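Single-letter residue listing:
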Amino acid sequence: MNRIPGASGPAHDAELVERVKNGQTEAFNELVLRYQDRLFNTCWRICGNLEDARDLTQQAFIKAYEALPSFRRESAFYTWIYRVAVNLALSHRRSSARHRTVSIEQALQGSQAETFARSDRTAETGADESAAESDMLRKVAGALHTLEDDDRAVVVLRDIEGLDYREISLILEIPSGTVKSRLHRARLALRAALIPGGNPDRGH
């Protein structure tokens, strides 16, 4: 899993934030370029819709830019911007009229999960992807969207984005112990969805 480049590039996040606060608004463009793909992917995996994810990512940066003067650096910028984006995505899901308890087949039809699964393949392996592997990717993507919103957010942040428990705790504003319990519950639910009739209590 790639780590979030919070301190990479020609300038650290904190330096860019200070430059924006000092009136160099063009520095915010570098922050956008640095995080827009990661935020978009996270919003997409939570809400399951391409256009909604684009809108949510744009909203996250607008809200962050407007609130940047009050940013006091108690946490890293990427933790803060992720919190904004994830909260927007979860609020969007909760206000949606779609019923959240769905089958894998319904999730695949309604959440663009098949396209999403294919997008995670690297260019060099895409041409040789087997039908069986493609089907498994579709099932995993579909199963992800059968989870409750809070559980899905934890899985996305931990197992897909690769954040550690402390980072997820700060983003979701919940104790690390709650992160671990939600992740355990979500993984069991994913296993049960992928292997109907199997024993979800085996393994971790």
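Presented here is a report on the structure given in the accompanying data block. (Residues numbered from 1 in each chain as written. Predicted model: local features only at pLDDT ≥ 70, side-chain atom pairs only at ≥ 80, totals over all residues. Heavy atoms only, no water.)

## Here we look at the nonpolar core
Now for step 1: Grouped together as the largest cluster of nonpolar side chains are 51 residues, with contacts concentrated most on Phe28, Leu68, Phe77, Leu157 and Leu172.
Now for step 2: Mapped by element, the contributors of at least two residues to this core are helix H1 (13-21), helix H2 (27-47), helix H3 (50-67), helix H4 (77-95), helix H8 (131-144), helix H9 (149-160), helix H10 (165-172) and helix H11 (176-194).
Now for step 3: With residues up to four places along the chain from it excluded, the contact list for Phe28 reads Val20, Phe61, Ala64, Tyr65 and Leu68. (Core = buried A, V, L, I, M, F, W, Y, C linked by side-chain atoms within 4.5 Å. Buried < 20%, exposed > 50% of the residue type's maximum accessible area, 1.4 Å probe, protein only. Helix = DSSP H or I, 4+ residues; strand = E, 2+ residues; numbered from the N terminus. Contact = heavy atoms within 4.5 Å.)

## Considering H9
Now for step 1: For H9, spanning 12 residues, the distance from its first C-alpha to its last is 15 Å, which sits close to the expected 16 Å at 1.5 Å a residue.
Now for step 2: Residues of H9 that are buried: Asp149, Asp151, Arg152, Ala153, Val154, Val155, Val156 and Leu157.
Now for step 3: Once H9 ends, the next one or two residues include Gly162, with phi positive near 75°. (Expected span 1.5 Å × (residues − 1).)

## Observations concerning unusual backbone geometry
Most peptide bonds take the trans form, and the phi angle of most residues other than glycine is negative.
Now for step 1: Its identity as a non-glycine residue notwithstanding, Glu173 has a phi of 60°, on the positive side.
Now for step 2: Here Glu173 is to be found in the loop between H10 and H11.
Now for step 3: Residue Glu173 is classed as exposed on the basis of its relative accessible area, which comes to 56%.

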